[in-house]
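Chain by chain, the residues run as shown.
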Amino acid sequence: MRNLLLKNLTLAIYAIVFTTLFSACSGSSTQQAEQKQDSLSTTQTSMKDYIKEETKEEREARMQWWKDARFGMFIHWGLYAIPAGEHKGKVLEKGKIGEWIMNSLQIPVAEYEEYAKQFNPTKYDAKEWVRIAKEAGMKYIVITSKHHDGFSLWDSQVSNYDVMDASPYKKDILQALADECKAQGVTLCFYHSIMDWHHPDAQAPHYPEYNTDKKQNPNFNRYVEQYMKPQLKELVEKYDPAVLWFDGEWIPEWTEPQGKELYNFVRNLKPTIIINNRVGKGRKGMQGMNEYEDAAGDFGTPEQEILSGKSNGLPWESCMTMNDTWGYRKDDNNWKSAEMLVHNLADIAAKGGNYLLNVGPTAEGEIPKPSVERLAEMGKWLQVNGEAIYATKSLNNFKEGETIRYTQSADGQYVYAISLKWVGNQLNLKNITPKEGSEIKMLGVDTPLKWTYDATKGLTIEIPKDLQAEAKRPCKYAYTFKIEGTEKQ
Ligand code: FHN
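Just so it is clear, the structure is predicted and the values come from calculations on it, not from any experiment.

Digging into the packing of aromatic side chains
Argument step 1. Inspection of every chain in the model, using the stated rule, returns 23 aromatic pairs.
Argument step 2. With centroids separated by 4.7 Å and ring planes inclined at 75°, the aromatic side chains of Tyr124 and Trp129 adopt a geometry described as edge-to-face. Like Tyr124, the residue Trp129 is buried in the burial classification.
Argument step 3. What links up through ring pairs into an aromatic cluster is the set Trp77, Phe119, Tyr124, Trp129, Phe151 and Tyr161.
Argument step 4. Above the plane of the ring of Trp422 lies Arg473, whose end atom (NZ or CZ) is 3.8 Å from the centre.
Argument step 5. The ring centre of Tyr414 lies 4.4 Å from the NZ or CZ of Lys482, which sits over that ring.

Some points on the site of the ligand
Argument step 1. Residues in close proximity to the ligand total 16 residues, the closest being His76, Glu99, His148, Asp247 and Glu303.
Argument step 2. Contacts to the ligand include His76, whose side-chain N or O atom sits 2.6 Å from an oxygen atom.
Argument step 3. Residue His147 places a side-chain N or O atom 2.8 Å away from an oxygen atom belonging to the ligand.
Argument step 4. About the coverage of the ligand: the protein hides 96% of its 330 Å² of free accessible area.
Argument step 5. Tallied by class, residues from the shell around the ligand come to 8 nonpolar, 3 polar and 5 charged.

A short note on the sheet that holds strand S1 (residues 71–75)
Argument step 1. Pairing in this open sheet of 7 strands is parallel, and the strands run S7-S6-S5-S4-S1-S9-S8 from one edge to the other. Lying at the two open borders of the sheet, with one neighbouring strand each, are strand S7 (274–275) and strand S8 (317–320).
Argument step 2. Judged from the 2 bridges that link them, strand S6 (residues 243–247) and S7 form a sheet pairing that is parallel. What sits directly across from Leu244, in S7, is Ile275.
Argument step 3. Sheet strands in contact with helix H7 (residues 126–135) are S1 and strand S4 (140–146), and its direction is about 145° off that of S1.
Argument step 4. In the packing of helix H9 (residues 220–239) onto the sheet, contacts are made with S4, strand S5 (187–193) and S6, and the angle to S5 comes to roughly 170°.

Considerations on the environment of Lys170
Argument step 1. Here Lys170 is to be found in the loop between S4 and helix H8 (173–184).
Argument step 2. Overall, Lys170 belongs to the partly exposed group, its relative accessible area being 46%.
Argument step 3. The residues contacting Lys170, other than those within four sequence positions of it, are Val163, Met164 and Asp165.
Argument step 4. A polar side-chain atom of Lys170 sits 3.1 Å from the main-chain carbonyl oxygen of Ser167.

So, H7
Argument step 1. Residues of H7 that are buried: Ala126, Trp129, Val130, Ile132 and Ala133. Summarising the axial view, the buried residues of H7 lie within an arc of 155°, below the 170-degree limit, and thus occupy one face. Facing away from the buried side of H7 by more than 90 degrees, the exposed set consists of Lys127 and Glu135.
Argument step 2. Lining the buried residues of H7 we find S1, S4, H8 and helix H12 (369–385).
Argument step 3. Looking one or two residues beyond H7, the residue adopting positive phi is Gly137, at roughly 90°.

Considerations on the pattern of salt bridges
Argument step 1. The tally for this structure, following the rule as stated, stands at 35 salt bridges.
Argument step 2. Here Asp240 ties to Lys270 by a salt bridge, and the two come within 2.8 Å at their closest N and O atoms. Here Lys270 lies in the loop between helix H10 (256–269) and S7 and Asp240 lies in the loop between H9 and S6, a separation of 30 residues in the sequence.
Argument step 3. In this structure, the salt-bridge partner of Lys399 is Glu402, at a minimum N-O distance of 3.3 Å.
Argument step 4. The class of Lys399 is partly exposed, set by a relative accessible area of 28%.
Argument step 5. Residues participating in the shared-partner salt-bridge network are Glu54, Arg59, Arg62, Arg267 and Asp298.

A look at the packing of H9 against H10
When two helices pack together, their arrangement is captured by the angle between the axes and the distance separating the axes.
Argument step 1. Where H9 meets H10, the axes come as close as 10 Å, and the angle between the chain directions of the two elements is 30°. When the axes of H9 and H10 are compared, the pair comes out roughly parallel. Two packed elements cross with a definite hand, and for H9 against H10 that hand is right-handed. Contacts from Phe220, Asn221, Val224, Met228, Lys229, Leu232, Lys233, Val236 and Glu237 of H9 reach H10 at Gln258, Glu261, Leu262, Phe265 and Leu269.
Argument step 2. Class assignment for the residues of the contact of H9 with H10 results in 8 nonpolar, 2 polar and 4 charged.

Rules behind the numbers
- Residues numbered from 1 in each chain as written.
- Predicted model: local features only at pLDDT ≥ 70, side-chain atom pairs only at ≥ 80, totals over all residues.
- Heavy atoms only, no water.
- Phe/Tyr/Trp six-rings, centres within 6.5 Å; stacked < 30°, edge-to-face > 60°.
- Buried < 20%, exposed > 50% of the residue type's maximum accessible area, 1.4 Å probe, protein only.
- Lys NZ or Arg CZ within 6 Å of the ring centre and 35° of its normal.
- Near = heavy atom within 4 Å.
- Polar contact = N/O pair within 3.5 Å; in protein donor to acceptor, adjacent residues only side chain to side chain.
- Areas by Shrake-Rupley, 256 points an atom, 1.4 Å probe, with all protein chains shown as cover.
- Nonpolar A, V, L, I, M, F, W, Y, C, P; charged D, E, K, R; others polar.
- Pairing = 2+ DSSP bridges.
- Helix = DSSP H or I, 4+ residues; strand = E, 2+ residues; numbered from the N terminus.
- Contact = heavy atoms within 4.5 Å.
- Axes fitted to C-alpha atoms, helices over the stretch in contact; angles between N-to-C directions.
- Arc of directions from axis to C-beta.
- Salt bridge = Lys/Arg side-chain N within 4 Å of Asp/Glu carboxyl O.
- Parallel < 35°, antiparallel > 145°, perpendicular 65-115°, else oblique.
- Left-handed = near helix turned anticlockwise from the far one by under 90°.

Here you go:
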């Protein structure tokens, strides 16, 4: 309560000063309340340059848990879930994403702010969300602390455009999620947009086209120093996220040196944190890997796509929607099948990447049923096949033909051949040399399978009759063969 009073007092003082200084600017009262709080200075006196000073071994050790995790939940949630693709009778064009509605339908800041007054997700149940992620086999959650529309899902001390101050909900969404993640053993991470369509020192004055490369806000640096960095400091210090997942870095106001500086700023707040490559300007379009060698960031971020092969060094994570939008759109029913999602996960794991699969909860706070159903299916598959996915390594040849994907146990003892279709009576693999006299099993089946090996014909595995009936198989969608052996050189 005392903190809240202090915060409101500071914001009120700020509002007066800011109104006087920027009365010429066409912002709303909420915009005007967003500014620096002196007590939240982000000046770090002795900043370590992690980009230059961290060794390869240190970096690999820091990244290990994340690489082992393989599968995470992306959550795009914010005010845009209220219009859900339709604002004042105007429906977003097909193919447009829900969380971009403010930009796509050119909604003025003050008009969009009205959604904050309606944001009251009474069905939000952090326990249930984390349970859904965990049962799907997801090891981490990346939630939008703030998306491009600028609305914050926690009680930010430098803003009153947040869930606590601007919405009737008045509960800290991130705190509830952080508590549940801790209780259920899922790692919490934050997405944070550098671009901000609401802040007067960022892209708000670019209205009607917030996302433009034709304009630059001369005050952008003030937004960075007095708003974005204090917000990041709050997020790191209050909720201890394991990853900061930046986005919106393509704006002309943002530069690679700023990205590198921000990377170091965040690492200095929490040395073990992992940061994606969108912190700087390195990402190459939707393919998402780095365009140049020394780009800031710890991992590449292919978006809505999977790398065609393995990466040559940079860890990567493919982020993807289950339908065609990140933020909830009530009219988007173009769902990928559970089979496709399982195949994507196997393909990504074989190529050494992570899969960050998105859900876009409704304004009431529910993860849409089709997402929940698909995640449950993935969870069932992982219950049987998880050992071929988590903490695995890739082979040089990550695939054989179009339907086999390979992974390898961390100690190199076992190869996992994941078949993306039912194999019939026999499976023939040319790329693997099994250890003589070893057992080959299908994951989820106790009895070892018969096999033969011939240097020219390769490895042939017999599939027993009783597994030919779909109902008798240990899982659906893809089948894993655990082989003690090595990749043929
Ligand atoms: O503009 C965003 C989009 O809304 C969404 O957040 C995705 C997720 O990777 N990233 C952006 C574009 O690259």
